[in-house]
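Structural description and commentary
Chain residues, written in single-letter form:
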Amino acid sequence: MEKGKGVMGMGRRWAVEFTDNSIAPASRDIPDPLGFSRASPDQDDSAVARQKKDAEANWKAQKAWEVAQAPFKNLMMMGFMMWMSGSTVHLFSIGITFSALWQPLSALQGVGKVFEPYKDNKVELLGPKLLYIALNLGGLALGVWKLNTLGLLPTHASDWVSSLPPAQEVEYSGGGIPLH
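Residues numbered from 1 in each chain as written. Predicted model: local features only at pLDDT ≥ 70, side-chain atom pairs only at ≥ 80, totals over all residues. Heavy atoms only, no water.

On to the packing of aromatic side chains, then. Applying the stated criterion across every chain yields a total of 2 aromatic pairs. Their ring planes at 40° and their centres at 6.0 Å tell us that Phe 80 and Trp 83 sit as a pair that is tilted. Here Trp 83 and Phe 80 lie together in helix α1 (residues 41-85), a separation of 3 residues that amounts to about one turn. When its relative accessible area of 63% is taken as the criterion, Trp 83 is described as exposed. (Phe/Tyr/Trp six-rings, centres within 6.5 Å; stacked < 30°, edge-to-face > 60°. Helix = DSSP H or I, 4+ residues; strand = E, 2+ residues; numbered from the N terminus. Buried < 20%, exposed > 50% of the residue type's maximum accessible area, 1.4 Å probe, protein only.)

Take a look at the structure:
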């Protein structure tokens, strides 16, 4: 079928050609409407795709830092629970102390899995991973400190050799009655 001819064979009285193949300045006298650019759609798609990738990389980096800072909340909560459990050896204080030791150890074993969703070639994960590791090591140190406070760490030679006398107690406390 010939261009411009209808089904019945009659020609159209008018036709509008929407492509602008001319390079004459007369066709460029009319200014483009506001917000219109003559860039090709491929360039627009690549710019939009690049912006989406950059936005996604920024989001991943932000979420990675949020995940890295999460052990700080756990550290504060565990510190409060250890303070509330007291300094005497009983079931609750031992359970809290071993929980304070177990949680950072299991978190340190799974560092790669925790940051797997945020892995991207545009996202730098070294800083968040180091912060995550440091906060979990702080939690581990808090648990070890509690073990020492409870007297469950072998810190004296008599803890290792049975023939040595036990260490002298540095401090005694009583309920107002002299013990000597």
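Having seen it, we continue.
Moving on to the nonpolar core. Nonpolar side chains in soluble globular proteins generally cluster together in the buried interior. Ala 57, Ala 64, Ala 68, Ala 107, Val 111, Phe 115, Tyr 118, Val 123, Leu 125 and Tyr 132 form the largest nonpolar core, which has 10 residues in total. The leading source of residues in this core is α1, at 3 residues. Discounting residues that sit within four places of it in the chain, Ala 57 has contacts with Asp 120, Lys 122 and Val 123. (Core = buried A, V, L, I, M, F, W, Y, C linked by side-chain atoms within 4.5 Å. Contact = heavy atoms within 4.5 Å.)

Let us look at the environment of Leu 147. Mapped onto the elements of the fold, Leu 147 is located in helix α4 (residues 126-150). Of the residues examined, Leu 147 reaches a relative accessible area of 10% and is grouped as buried. The sequence separation of Leu 147 and Phe 98 amounts to 49 residues, and the corresponding C-alpha distance is 8.7 Å. Excluding residues within four positions of it along the chain, Leu 147 makes contact with Thr 97, Phe 98, Leu 101, Leu 152 and Leu 153.

Moving on, we come to the packing of helix α2 (residues 91-109) against α4. One can describe the packing of α2 onto α4 by two numbers: an axis separation of 9 Å at closest approach and a directional angle of 155°. Classed by the angle they form, the pair α2 and α4 counts as roughly antiparallel. For α2 against α4, the interelement crossing comes out left-handed. Together, Ser 93, Thr 97, Phe 98, Ala 100, Leu 101, Pro 104, Leu 105, Ala 107 and Leu 108 of α2 and Tyr 132, Ile 133, Asn 136, Leu 137, Gly 139, Leu 140, Gly 143, Val 144, Lys 146, Leu 147 and Leu 150 of α4 make up the contact between the two elements. Along the lines of polarity and charge, the residues of the contact of α2 with α4 split into 14 nonpolar, 5 polar and 1 charged. (Axes fitted to C-alpha atoms, helices over the stretch in contact; angles between N-to-C directions. Parallel < 35°, antiparallel > 145°, perpendicular 65-115°, else oblique. Left-handed = near helix turned anticlockwise from the far one by under 90°. Nonpolar A, V, L, I, M, F, W, Y, C, P; charged D, E, K, R; others polar.)

Our next topic: α2. Since there are 3.6 residues in each turn of an α-helix, residues three or four apart along the chain are aligned in direction. Across its 19 residues, α2 extends 27 Å between first and last C-alpha, which sits within 8% of the 27 Å expected from 1.5 Å per residue. Along α2, the residues classified as buried are Ser 93, Ile 96, Thr 97, Ala 100, Leu 101, Pro 104 and Ala 107. Angularly, the buried residues of α2 cover 140° about the axis, an arc narrow enough to put them on a single face. Seen from the buried face of α2, the exposed residues on the opposite side, beyond 90 degrees, are Leu 91, Trp 102 and Gln 109. (Expected span 1.5 Å × (residues − 1). Arc of directions from axis to C-beta.)

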